[in-house]
Amino acid sequence: MSIDTAVVLAAGEGTRLRPLTRNRPKPMLPAANRPILEYVFDALVSADVREIVVVVGYKRGRVQDHFGPAYEGVEIEYVTQHKQLGSGHALLQAREVVDGPALVVNGDRVVDADIVRDVVDEFERSGDPSMAVLERPETSQYGAVVLHEGDVAELVEKPETDEYRLINAGVYAFESSVFDAIDATERSDGELALTDTIGRLMDDGRVRGIRTEGMWVDATYPWDLLAVADEVLARGHVDEPASGDGGRDAGVWVDPVATVHDTAVLQGPVVVGPDCEVGPGAVVGPNAALGQNVTVGANATVRNSVLDTDTRVESGSTLIDAVTGQDVTLGAGTVVPGGPADVRVGRQVFEDQRLGAVVADRVTAEGDASFSPGTLVGPGAHIGTSVRASGRIASRAEVTR
């Protein structure tokens, strides 16, 4: 194809996903058992991109250390946005390393190759700036799009009415002249938004909007990671081979180097990542994702949950609607009973959300601890024996009876 370079915008934190983003950027949070950004790279590689430029910023070492200089044989070059001053400003950081037309993709949403290919095809056909557009019943959290005969007629950031049905999917194709257009775009509150530049391009010519139906999943708030995992598992977008063991349900993926006891039960859809261990009598699934080196102890139950790398769930525990960070230890008999729950994010309370608890990186809970629905536990906190945790627990807090 005519575009062989992609710029991936992965510099933001994702503040509404705290406490999970206290130690890493949103693109490195898990979509099922792999980082969101891996799915973005997979889509680009499948669409024949031969060079990936990644704009990093917040906790950039987490991205660079994970991926290194290449992904699936495709070279990665990193550029840094030192201050998060908008998506247009982020793209501008790639100016010196991009020569010719390029794809531009948000790195914090799961996309598949079909969306990328649709944008490339339209760009090659029309020669105009092109962007992917998706139909969604809820547009208030995103940029709404109005199309007229395939041209983008209007962009509305986070609309306050429900009259819109199309959203901006965050996948674009531009000529290199887009950098000059960004330079000429007026800043708003000190930031340069890429959508403002697209508005300029619409005034000067036209921008094509391509309606697509590929996989596109976003996490805005912590409980959204459960819905992201559901979608990824439902579509089978995991990289582990499907288990061929008799007696297991369809939609069960077990990495070849994982260990699952003969008496454990895996209920699909479920994915068990590399170096995981599932103990005797444990029940994992449905809708459960175990990242790398996760341990689920004897007679434990994990359902509708996402457990990230190095999480240890000890014997007899029950986790429902739970999201854990990395290096979390939940002692024997820990209980997360599941949602719905009212969850406070910043100053806003979100009612009736599907969330048992979010337990961020390096949290330790001693035996018989329990978590009220909607609990958010900050990194490094310690939950004592038989404690009932609830609400928001600060980073490195010590909670005892």
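Residues numbered from 1 in each chain as written. Predicted model: local features only at pLDDT ≥ 70, side-chain atom pairs only at ≥ 80, totals over all residues. Heavy atoms only, no water.

Below, the discussion takes up the domain arrangement of the chain. How big an interface is tends to be stated in terms of the accessible area lost upon association of its parts. Domain boundaries assigned for the chain yield domain 1 (5-218) and domain 2 (242-399). Inter-centroid distance (C-alpha atoms) of domain 1 to domain 2 is 31 Å. Listed by partner, the interface residues are 10 residues for domain 1 and 19 residues for domain 2. Taken together, the two surfaces of domain 1 and domain 2 that pack against each other cover about 1100 Å², and 59% of this comes from carbon and sulfur. Looking at the side of domain 1 that touches domain 2 residue by residue, the classes come out as four nonpolar, two polar and four charged. (Domains from an automatic or database assignment. Contact = heavy atoms within 4.5 Å. Buried area = accessible area lost by both parts, 1.4 Å probe. Nonpolar A, V, L, I, M, F, W, Y, C, P; charged D, E, K, R; others polar.)

A contiguous patch of negative charge on the surface is contributed by Glu138, Glu154, Asp162 and Glu163. Within the fold, Asp162 resides in the loop between strand S11 (151-157) and strand S12 (166-174). Given a relative accessible area of 63%, Asp162 falls into the exposed group. (Patch = residues over 30% accessible without salt bridge, like charges linked within 9 Å, V, L, I, M, F, W, Y side chains within 5 Å. Areas by Shrake-Rupley, 256 points an atom, 1.4 Å probe, with all protein chains shown as cover. Salt bridge = Lys/Arg side-chain N within 4 Å of Asp/Glu carboxyl O. Lys, Arg positive; Asp, Glu negative; His and termini not counted. Charge placed at Lys NZ, Arg CZ, Asp CG, Glu CD. Helix = DSSP H or I, 4+ residues; strand = E, 2+ residues; numbered from the N terminus. Buried < 20%, exposed > 50% of the residue type's maximum accessible area, 1.4 Å probe, protein only.)

Turning our attention to the confidence of the model for the chain. Averaged over every residue, the pLDDT of the chain is 90; residues scoring 70 or more account for 97%. This model gives residues 240-248 a pLDDT under 50, and the stretch forms 21 contacts once residues within four places in sequence are excluded. (pLDDT = per-residue confidence, 0-100.)

As enumerated under the stated definition, the model contains seven aromatic pairs in all. Ring geometry for Trp223 against Phe350: centres 5.3 Å apart, planes inclined by 55 degrees, an arrangement best described as tilted. Of the two residues, Trp223 sits in the loop between strand S14 (216-218) and helix H7 (224-234) while Phe350 sits in strand S31 (residues 348-353), which places them 127 residues apart along the sequence. With respect to burial, Trp223 and Phe350 carry one shared label: buried. Grouping aromatic residues by their ring pairs yields a cluster made of Phe41, Phe67 and Tyr71. Directly above the ring of Tyr39 sits Arg34, whose terminal nitrogen or CZ lies 4.3 Å from the centroid. (Phe/Tyr/Trp six-rings, centres within 6.5 Å; stacked < 30°, edge-to-face > 60°. Lys NZ or Arg CZ within 6 Å of the ring centre and 35° of its normal.)

A word on the UniProt feature "domain: Mannose-1-phosphate guanyltransferase C-terminal" (unreviewed entry) in the chain. Here, UniProt's "domain: Mannose-1-phosphate guanyltransferase C-terminal" (unreviewed entry) annotation points to residues 267-338. In the segment residues 267-338, helix accounts for 0% and strand for 42%; the C-alpha atoms at its two ends are 18 Å apart. (UniProt positions renumbered as here; feature names shortened; annotations may be inferred.)

Spatial ordering of the open sheet is given by S16-S19-S22-S25-S28-S33-S36-S39, a layout of eight strands whose pairing is parallel. Strand pairing shows two members of the sheet lacking a second neighbour, strand S16 (259-260) and strand S39 (398-399), which therefore form its edges. As paired strands, strand S19 (residues 277-278) and strand S22 (residues 295-296) are joined by two bridges and run parallel to one another. Of the residues in S22, the one forming a bridge with Val278 is Val296. (Pairing = 2+ DSSP bridges.)

Here is the key point about a regular strand: its side chains alternate between the two faces of the sheet. For strand S1 (residues 5-10), the buried fraction is high: six of the six residues fall into the buried class. The side-chain alternation of S1 yields two buried faces, one formed by Thr5, Val7 and Leu9 and the other by Ala6, Val8 and Ala10. With six bridges joining them, S1 and strand S4 (residues 51-56) adopt parallel strand pairing. Counted as the bridge partner of Thr5 is Glu51 from S4. By the bridge criterion, four bridges tie S1 to strand S7 (residues 102-106) in an arrangement that is parallel. Of the residues in S7, the one forming a bridge with Ala6 is Leu103.

This part is about the sheet that holds strand S35 (residues 375-377). Strand order in this open sheet of eight strands is S15-S18-S21-S24-S27-S32-S35-S38, and the pairing throughout is parallel. For this open sheet the edge positions go to strand S15 (252-254) and strand S38 (392-393), each flanked by a neighbour on one side alone. With three bridges connecting them, strand S18 (residues 270-272) and strand S21 (residues 288-290) associate as parallel partners. Considered in S21, the bridge of Val271 is made with Ala289. Helix-sheet contacts for H7 involve S15, S18, S21, strand S24 (305-307) and strand S27 (322-324), and the interaxial angle to S24 is about 95 degrees. (Axes fitted to C-alpha atoms, helices over the stretch in contact; angles between N-to-C directions.)

Packing of helix H1 (residues 36-46) against helix H4 (residues 113-126) brings their axes to within 8 Å, and their N-to-C directions diverge by 50 degrees. It follows from the interaxial angle that H1 and H4 lie oblique. Remark: the crossing between H1 and H4 carries right-handed chirality. In contact with Ala43, Leu44 and Ser46 of H1, H4 contributes Ala113, Val116 and Arg117. Grouping the amino acids of the contact of H1 with H4 by side-chain chemistry returns four nonpolar, one polar and one charged. (Parallel < 35°, antiparallel > 145°, perpendicular 65-115°, else oblique. Left-handed = near helix turned anticlockwise from the far one by under 90°.)

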